[in-house]
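Residues per chain are reported as follows:
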Amino acid sequence: MWRCVPASVIGSSHEQNGTPCQDACEYLRLNTGDEELLLVAIADGAGSAKLSHVGSTEATRHLLSVVRQAQPKCKEVTQAQARQWMQEVLTQLASVAEREGTPISQLACTLLLAIVSKDGAVFVQIGDGGWVVQMEDGIRPGTWPQNGEFANITTFITTEAALDTLQFVRLDGKVEGFAGFTDGLQTLALNFGTRQAHVPFFQPMFDAVRASGDETELIAPLQGFLASGSVTSRTDDDKTLVLACWREPEGVPHEVVQ
Amino acid sequence: MEQTPFDPAKIGFADNPEPRCASLLILDISGSMSGEPIRALQEGITLYRDELAADTLARKRVEVAIVTFGGSVDVVQNFATAESFTPPALATRGDTPMGEAVVISLKLLEDRKAEYRQNGIQFYRPWVFLITDGGPTDATSQFWTDAKAKILQGEEKKNFSFFTVGVVGADMDRLTELSPKRAPLMLKGLRFRDLFQWLSNSQQSVSQSLPGDQVQLTNPAAPNGWAQV
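Report follows, based on the coordinates. Since the model is a prediction, treat every value here as computed from it, not as a measurement.

A word on the pairing of strand β7 (residues 138-141) of chain A
Residues and elements named next belong to chain A.
- Here strand β6 (residues 130-135) runs beside β7; their pairing, made up of 4 bridges, is antiparallel. Residue pairing for β7: Met 135 is matched across the bridge by Gly 138.
- Here β6 folds back onto β7, and the loop between the two strands holds 2 residues.

Looking at the packing of aromatic side chains
- This model, assessed by the stated rule, comprises 22 aromatic pairs over all chains.
- Ring geometry for B:Phe129 and B:Trp198: centres 6.1 Å apart, planes at 65°, overall edge-to-face. With a gap of 69 residues between them, B:Phe129 in strand β4 (residues 127-132) and B:Trp198 in helix α6 (residues 192-208) connect regions that are remote in the sequence. Residue B:Phe129 shares its accessibility class with B:Trp198, and that shared class is buried.
- Of the aromatic side chains, those joined through ring pairs into one cluster are A:Phe181, A:Phe201, A:Phe202, A:Phe206, A:Phe225 and B:Phe13.
- A cation sits over an aromatic face here: B:Arg182 above B:Phe163, 4.7 Å from the ring centre.

A word on the interface of chain A and chain B
- At the junction of the two partners, chain A supplies 37 residues and chain B supplies 30 residues.
- Broken down residue by residue, the surface that chain A buries against chain B is led by A:Phe150, A:Ala151 and A:Asn152, which jointly contribute 24%.
- Linking chain A to chain B there are 0 salt bridges.
- Run the count over chain A and chain B and you get 9 residue pairs in polar contact (both at pLDDT 80 or more).
- Broken down by secondary-structure element, the contributors of at least two residues to the side of chain A that touches chain B are α4 (183-189), β10 (190-191), α5 (199-211), α6 (219-226) and α7 (229-232) of chain A.

What to know about the sheet that holds β6(A)
All names here are of chain A.
- The 5 strands lie next to each other as β1-β12-β9-β6-β7, forming an open sheet whose pairing is antiparallel. If you trace the sheet from one side to the other, it starts and ends with β1 (2-9) and β7, each paired once. Direction aside, the axes of adjacent strands within the sheet are offset by 15° on average.
- Across the face of the sheet, α5 comes into contact with β1, β6, β7, β9 (175-181) and β12 (239-246) while running at roughly 55° to β12.
- Sitting on the sheet, α6 touches β1 and β12, and the angle it makes with β1 is about 40°.

Digging into the pattern of salt bridges
- Enumeration according to the criterion identifies 29 salt bridges over all chains in this entry.
- We note a salt bridge from B:Glu18 to B:Arg61, for which the minimum N-O separation is 2.8 Å. With B:Glu18 in the segment before β1 (21-28) and B:Arg61 in helix α2 (residues 58-61), this pair connects stretches of sequence that are 43 residues apart.
- Residue B:Glu18 is classed as partly exposed on the basis of its relative accessible area, which comes to 22%.
- Owing to a relative accessible area of 13%, B:Arg61 belongs among the buried residues under this scheme.
- B:Glu43 is paired through a salt bridge with B:Arg39; the nearest N and O atoms lie 2.9 Å apart. Linking B:Glu43 with B:Arg39, this pair stays in helix α1 (residues 36-53), spanning 4 residues, or about one helical turn.
- Given the relative accessible area of 41%, B:Arg39 is considered partly exposed.
- One continuous salt-bridge network, built from bridges that share partners, spans A:Glu58, A:Arg61, A:Arg99 and A:Glu100.

Notes on the environment of B:Asp133
Residue and element names in this part refer to chain B.
- With respect to the secondary-structure elements, Asp 133 resides in the loop between β4 and α4 (142-156).
- Here the alpha-carbon distance between Asp 133 and Ile 38, two residues 95 residues apart in the chain, equals 10 Å.
- Once you skip the residues sitting within four places of it in the chain, Asp 133 turns out to touch Asp 28, Ser 30, Ser 32, Met 33, Val 167, Val 168, Gly 169 and Ala 170.
- Side chain to side chain, Asp 133 and Ser 32 meet in a polar contact 3.0 Å long.

Describing the sheet that holds strand β7 (residues 227-228) of chain B
Residue and element names in this part refer to chain B.
- The 7 strands are arranged β3-β2-β1-β4-β5-β6-β7 in an open sheet whose pairing can be described as mixed. Only two strands of the sheet have a single neighbouring strand rather than two, namely β3 (72-81) and β7.
- As judged from the 6 bridges shared by β4 and strand β5 (residues 161-166), these two strands associate in the parallel manner. Paired with Phe 129 across the two strands is Phe 163, which belongs to β5.

Regarding helix α3 (residues 98-118) of chain B
- The end-to-end C-alpha distance of α3(B) is 30 Å, a good match for the 30 Å that 21 residues give at a rise of 1.5 Å each.
- Phi for B:Gly120, located one or two positions after α3(B), is positive at around 65°.

Re unusual backbone geometry
Residues and elements named next belong to chain A.
- Although it is not a glycine, Gln 71 sits at a positive phi angle of roughly 45°.
- Take Gln 71: it is sitting in the loop between α2 (52-70) and α3 (79-100).
- Overall, Gln 71 belongs to the partly exposed group, its relative accessible area being 45%.

What about the state of the cysteines?
- Summed over all chains, the structure comprises 0 disulfides over all chains.
- Left without a disulfide partner, A:Cys21 is nearest to the cysteine sulfur of A:Cys25, which lies 8.9 Å away.

Remarks on α5(A)
All names here are of chain A.
- When the terminal C-alpha atoms of α5 are compared, their 18 Å separation across 13 residues agrees well with the 18 Å that a helix rising 1.5 Å per residue should span.
- Among all positions in α5, only Phe 201, Phe 202, Met 205, Phe 206, Ala 208 and Val 209 are buried. Down the axis of α5, the buried side of the element spans an arc of 155°, and every buried residue falls inside it.

Things to note about the side chain of A:Ser228
Residues and elements named next belong to chain A.
- Relative to the helices and strands, Ser 228 resides in the loop between α6 and α7.
- Since its relative accessible area comes to 15%, Ser 228 is described here as buried.
- Polar side-chain contacts of Ser 228 include one of 2.7 Å to the backbone oxygen of Phe 225.

Reading the values: the criteria
Counting starts from 1 at the beginning of each chain's written sequence and moves along it residue by residue. Following the order in which they are written, the chains are lettered starting with A and the ligands numbered starting with 1. Only residues with pLDDT of 70 or above have their local features reported here, since the model is predicted, and side-chain atom pairs are shown and tallied only from 80 upward, although totals for entire chains, interfaces and linings are computed over all residues. In computing side-chain values, all of the structure's heavy atoms are included and hydrogens and water are not. Two strands qualify as a pair provided that DSSP identifies no fewer than 2 bridges between them. Secondary structure elements follow DSSP: runs of H or I no shorter than four residues count as helices, runs of E no shorter than two count as strands, and numbering proceeds from the N terminus. Only rings of Phe, Tyr and Trp enter the pairing, Trp through its six-membered ring, and a pair is recorded when the two centres are within 6.5 Å. The plane angle decides the type: under 30 degrees is stacked, over 60 is edge-to-face, the rest tilted. Burial classification: accessible surface area is computed with a 1.4 Å probe over protein chains only, and a residue below 20% of its type maximum counts as buried, one above 50% as exposed, and the rest as partly exposed. In this scheme, the term charge over a ring applies when either NZ of a lysine or CZ of an arginine sits within 6 Å of the ring centre and within 35 degrees of the ring normal. It only takes one pair of heavy atoms within 4.5 Å for two residues to be counted as in contact. Note on terms: buried area is the combined drop in 1.4 Å-probe accessible area of two parts once they are placed together, counting the loss on both. Salt bridges are counted wherever a side-chain nitrogen of Lys or Arg sits within 4 Å of a carboxyl oxygen of Asp or Glu. Think of a polar contact as two N or O atoms within 3.5 Å of one another; within protein, one of them needs to be a possible hydrogen donor and the other a possible acceptor, and neighboring residues in sequence only count if both atoms come from side chains. In this analysis, axes come from line fits to C-alpha atoms, helices being fitted only over the stretch in contact, and the angle between any two N-to-C directions falls in the range 0 to 180 degrees. A helix is expected to span 1.5 Å multiplied by its residue count minus one. Note on terminology: disulfide denotes any pair of cysteine sulfur atoms within 2.5 Å. In this description, one arc is meant: the one made by directions from the helix axis to the C-beta atoms.

Remember, this is a structural readout, not a statement about activity or role.
Set out below in structure tokens:
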């Protein structure tokens, strides 16, 4: 089964200026009979958009609901389908915007989706943040943050033609674990010069999830880490980190790797 | 103290370069700037460096380059953060090869952006400030034509923000001709200090900004501002 540890923590800049945490994350396990999937959605609301914390929460919730209804098979998900799901999220945000009496731009957020089985993964995103995957041959990026030309610009799902910028990555092979994060963590977790995942960041994370008895007990410690001085001295943005590891069910013969 | 499974001491953080905010100053040091004007400009630049150096983020992120034009065009300071540059001493001489200065400066900027890209360094939209108290003495040259074209292209593609500032005596029509998309600003007297204070404040805000933030710049032509209406 999939073990998932999600954490979103407000950044010090928002704490100081009274803005709520604009990051959101959600996951669900989906057993389609054929395979056990883990679906994860992450969103990061635009800083100056007044209701982007509502946008990010609605976007992640609705995206998972839409994907679950589609009952996807990991190997058969297409880019067109992913685009369609994103479109449905946009439609939902438009109706929330109407309800709130506000332009949809006030709900702007990035949006990331993972659909993962033990034999493969599909990663989708609009905007920055990213997905990293642990496969048999090591830990590497799934998607890469899309920042637009300048450091303080990214694409939000509400940006014009955002759907044309959709990143869609499919990986085939044994998936041992994966992680998703918003841009608050990307400069700590990725090496931009080499375009690689920073293994010393992710390895201990995956090890901790794998070694735990009950992974829900890791949520508070992970939040604590994201709020710790070592992290906040490097980034004052809201931070989200979702960790996931596959564990073979008990009683199924498997290789013991020391 | 309970041991956390996520001990920051045991987790490695990637060491990425800071995102950069390139700030390119193109300065008229022709003969007419002699005396008070050049002294005030010099003081303004020192203030600028000091303000940037005093801000924990800006001093690592804002990179300043200075190109002077007076007789010749000289790159007196290539891009360097406030932590590592000393404002060069400015001495006046010669005429005003403004077009050539712009062409050389924008090439310097493009080269720096290429380095950023090659090294995976993120950057904010660069700032370019041209300050002059006169008009170009190379307005009939290819340099002037090229300068106008490059500024237009750069502004249209949002490659940089190009500001022109006239000091008393400046040919404002020529500045409008050079950069039509952005109205030139006339400095109040010799208030370079206020100009550079505004510039460092603005760049400090940009240095801290995150995607989706709106950086509000105070209007230079507001009543307390450094520019005349």
